[in-house]
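Observations on the model geometry
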Amino acid sequence: MTELEIKIKEQFLSKYDSEPILINSPGRVNLIGDHTDYNDGFVLPAAIDKVIVLGIASNKLGKIRAFSADMNESVVLDLNDLHKSDKHWANYIKGVVAELQKEKFKLKGFDVVFGGNIPIGAGLSSSAALEGALTVGLNKLFKLKIDRKKMARIGQLTEHKHVGVKCGIMDQFINLHGEPEKALKLDCRTLDYDLYPFHQEDNKIVLCNSKVSHNLAESEYNVRRSQCEKGVKILKKYDPEIQNLRDVSMELLMEHQGELGPVVFKRCKFVLEENKRVHNACEDLSKDDLSSFGQRMFESHEGLSNDYEVSCEELDILVELAKDQPGLLGCRMMGGGFGGCTINLVENDQVKPFTEYISKAYKERTGIEAEIYITRINGGARIIE
Ligand code: GLA
């Protein structure tokens, strides 16, 4: 058992005095393909070695007692009368439970303790890790027989209905389906996926946390989503088969550029291009061509920053600083945007000078101490036997 697993187990035993089931649930990176998931497109995420550990056991109280070890906060929720909590983290628990109940899964009272090392607000999907951990735990505890695709949907619905973020399925899906040393190409329409070996003998995934999290993130995310929907609504007039941006060709898009208007046009154009980049990047992986892969990461950043406009000054600075460093294969902002991390693919022998340079130069440019994480690709949420 890891130190974290031991700590959570001990905290559970001292608080609730029963033997918990323990779940290890990862954060994620997205190698390429951002803002494509809610457009029925393609993404290429991987689960990482930053995790939440959650302990869970049943109680006979008909209530949920939950403790966040990192926040040192407790809540008690009534299973039959779930209310929005003033503690943000508790709403993920409430949401998962409410969505399972809506699906007619029978739950009884339970206790839960969780904590971990996924930095919050860094865009590494700590919330999907909590949703996944809890669903896996409840599934085991109450023998619910939920398949993992369904579990991912429960997490997504939790975000939509109980947190207010109209997210796609990527974060929840990779949390539950990730495999060590593999990137997962997900078709967000059918939820079919392919695993691609991601060889890391010669390179590392280096995450540079800008340490900013602009509060635009949630509202602008939902705005982007509706801009894409607006594009679909217009283009559907010309081809009724179109359900989502996934079904739109570049030719059709260009033809109706005027009617779409400049903003909706560039949002849609980005999504079409980003989907194509995911396909091409997967071909690069099949050929083990990380240098071509890296170029696509740069292109993705350009698109996210200029056309989709979800980057911010700090992320652009991190990319600009990284770009000319020796050993850098590719980099880009990652995830929803407006803060969080950049993802950098760096050759092994340059990792140390790279991280030293970025820390120093970012501090000089912005006054902010970046946090840097060197991550490994790991497996999805699992029960610790
Ligand atoms: C957030 C959302 C995901 C996805 C990314 C952008 O992480 O939760 O569903 O849309 O942003 O790719």
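One can find the structure itself at the top, above this paragraph.
Residues numbered from 1 in each chain as written. Predicted model: local features only at pLDDT ≥ 70, side-chain atom pairs only at ≥ 80, totals over all residues. Heavy atoms only, no water.

Details of the site of the ligand
Operational definition: In these notes, residues near a molecule or strand are those with any non-hydrogen atom within 4 Å of it. Here a polar contact is recorded for every N or O atom pair within 3.5 Å, except that within protein the pair must consist of a potential hydrogen donor and a potential acceptor, and residues adjacent in sequence are included only if both atoms are side-chain atoms. Computed with a 1.4 Å probe, the accessible areas rest on the Shrake-Rupley method; for each residue, only the protein chains presented here act as cover.
Around the ligand, the structure places Arg-28, Asp-34, His-35, Asp-37, Tyr-38, Cys-167, Gly-168, Met-170, Asp-171, Tyr-221, Gly-335 and Gly-336. Contact between the ligand and Arg-28: an oxygen atom at 3.1 Å from a side-chain N or O atom of the residue. His-35 has a polar backbone atom sitting 2.7 Å from an oxygen atom of the ligand. In isolation the ligand exposes 300 Å². Once the protein is present, 92% of that is buried.

Quick notes on the sheet that holds strand S8 (residues 203-213)
Heads up, the condition is: Only strands joined by at least two bridges in the DSSP assignment are considered to pair. Helical segments are the DSSP runs of H or I of at least four residues, strand segments are the runs of E of at least two, and each set is numbered from the N terminus. In this analysis, axes come from line fits to C-alpha atoms, helices being fitted only over the stretch in contact, and the angle between any two N-to-C directions falls in the range 0 to 180 degrees. We call two residues in contact when some of their heavy atoms are within 4.5 Å.
Spatially, the four strands line up as an open sheet ordered S9-S10-S8-S11, and their pairing is antiparallel. The sheet is open, and its two edges are formed by strand S9 (328-333) and strand S11 (371-375), each paired on a single side. This sheet shows a mean twist of 20° between the axes of neighbouring strands, independent of strand direction. Where S9 lies against strand S10 (residues 339-347), five bridges are found, and the strand directions are antiparallel. Among the inter-strand pairings, Leu-328 is bridged to a residue of S10, identified as Val-346. Contacts between helix H10 (residues 290-307) and the sheet are confined to S8, S9 and S10, with S9 contributing the most and set at about 25° to the helix.

Topic: the packing of aromatic side chains
Threshold: Each aromatic pair joins two rings of Phe, Tyr and Trp (for Trp, the six-membered one) with centres within 6.5 Å, and gets the label stacked for planes under 30 degrees apart, edge-to-face for over 60, and tilted for any other angle. Three labels apply to residues, based on accessible area from a 1.4 Å probe with only protein chains included: buried if under 20% of the type maximum, exposed if over 50%, partly exposed otherwise in between. Comment: the charge-over-ring label is applied if NZ (Lys) or CZ (Arg) is within 6 Å of the ring centre and within 35 degrees of the ring normal.
Counting across every chain of the model gives six aromatic pairs. On the basis of an interplanar angle of 70° and a centroid distance of 6.0 Å, the ring pair of Phe-198 and Phe-293 is categorised as edge-to-face. Here Phe-293 lies in helix H10 and Phe-198 lies in the loop between strand S7 (193-197) and S8, a separation of 95 residues in the sequence. Here Phe-198 matches Phe-293 in class, with each residue buried. Sitting above the plane of the Phe-67 ring, Lys-15 keeps its charged end 4.3 Å from the centroid.

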